[in-house]
Amino acid sequence: MVGAKIGWKLVQAAFTVAVGLAASKAVSTAWKLGSGGKPPKDGQGEYLEVVTWAAASAAAAAAAKLFAERRAAAYYLRSTGHAPPGYVQDVTAGLIRGTDTGLVKKED
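Residues numbered from 1 in each chain as written. Predicted model: local features only at pLDDT ≥ 70, side-chain atom pairs only at ≥ 80, totals over all residues. Heavy atoms only, no water.

K.L.:
An account of helix α2 (residues 47–80) is needed here, citing residue identities and associated values.
P.N.:
Because the α-helix completes a turn every 3.6 residues, residues three or four places apart line up on one side. Its 34 residues give α2 an end-to-end C-alpha distance of 49 Å, which sits within 8% of 50 Å, the value for a rise of 1.5 Å per residue. On the buried face of α2, the contacting elements are α1 (2–35), β1 (87–89) and β2 (103–105). Looking at the residues trailing α2, positive phi occurs at Gly81, about 90 degrees. (Helix = DSSP H or I, 4+ residues; strand = E, 2+ residues; numbered from the N terminus. Expected span 1.5 Å × (residues − 1). Contact = heavy atoms within 4.5 Å.)

K.L.:
Can you explain a positive patch on the surface? Please cite residues and give values.
P.N.:
On the surface, Lys25, Lys32, Lys38 and Lys41 cluster together into a patch of positive charge. If you trace the backbone, Lys32 turns up in helix α1. (Patch = residues over 30% accessible without salt bridge, like charges linked within 9 Å, V, L, I, M, F, W, Y side chains within 5 Å. Areas by Shrake-Rupley, 256 points an atom, 1.4 Å probe, with all protein chains shown as cover. Salt bridge = Lys/Arg side-chain N within 4 Å of Asp/Glu carboxyl O. Lys, Arg positive; Asp, Glu negative; His and termini not counted. Charge placed at Lys NZ, Arg CZ, Asp CG, Glu CD.)

K.L.:
How would you summarise the nonpolar core if you had to cite specific residues and measurements?
P.N.:
Judged by nonpolar contacts, Trp8, Val11, Ala72, Ala73, Tyr76, Leu77, Ala83, Tyr87 and Leu103 together constitute the single largest core of nine residues. At the level of secondary structure, the elements contributing two or more residues to this core comprise α1 and α2. Ignoring any residue separated from it by four or fewer positions in sequence, one finds Trp8 in contact with Glu69, Ala72, Ala73, Tyr76, Pro84, Pro85 and Tyr87. (Core = buried A, V, L, I, M, F, W, Y, C linked by side-chain atoms within 4.5 Å. Buried < 20%, exposed > 50% of the residue type's maximum accessible area, 1.4 Å probe, protein only.)

The analysis is restricted to geometry; functional conclusions fall outside its scope.
Rendered as structure tokens:
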């Protein structure tokens with residue numbers, strides 16, 4: 001069981017890093033295209049600009065984390081044949097092909 005937990009953490013970390021970098025690049029590029037300038041750095045810039053950048057960055061990070069975790073769980077399931085630690089298979093989830101992984105987090 002310890003090996004499964006370590007393997008799951010490694011898979012989850014790899015997916016999170018890859019998706020996080022892509023999301024960061026995407027939000028920076030979108031900011032440059034939308035505003036015509038670089039994103040504010042270290043709180044420098046107008047208040048509204050800094051707050052907007054923070055909100056956009058946070059939204060992208062949250063979406064990326066959720067996406068990465070779900071894709072990592074699906075990959076782990078396909079690779080090992082069983083749900084990752086902390087997850088269970090839900091027969092009602094994912095009934096429509098391609099819409100969900102069919103995995104849900106265990107309730108404590």
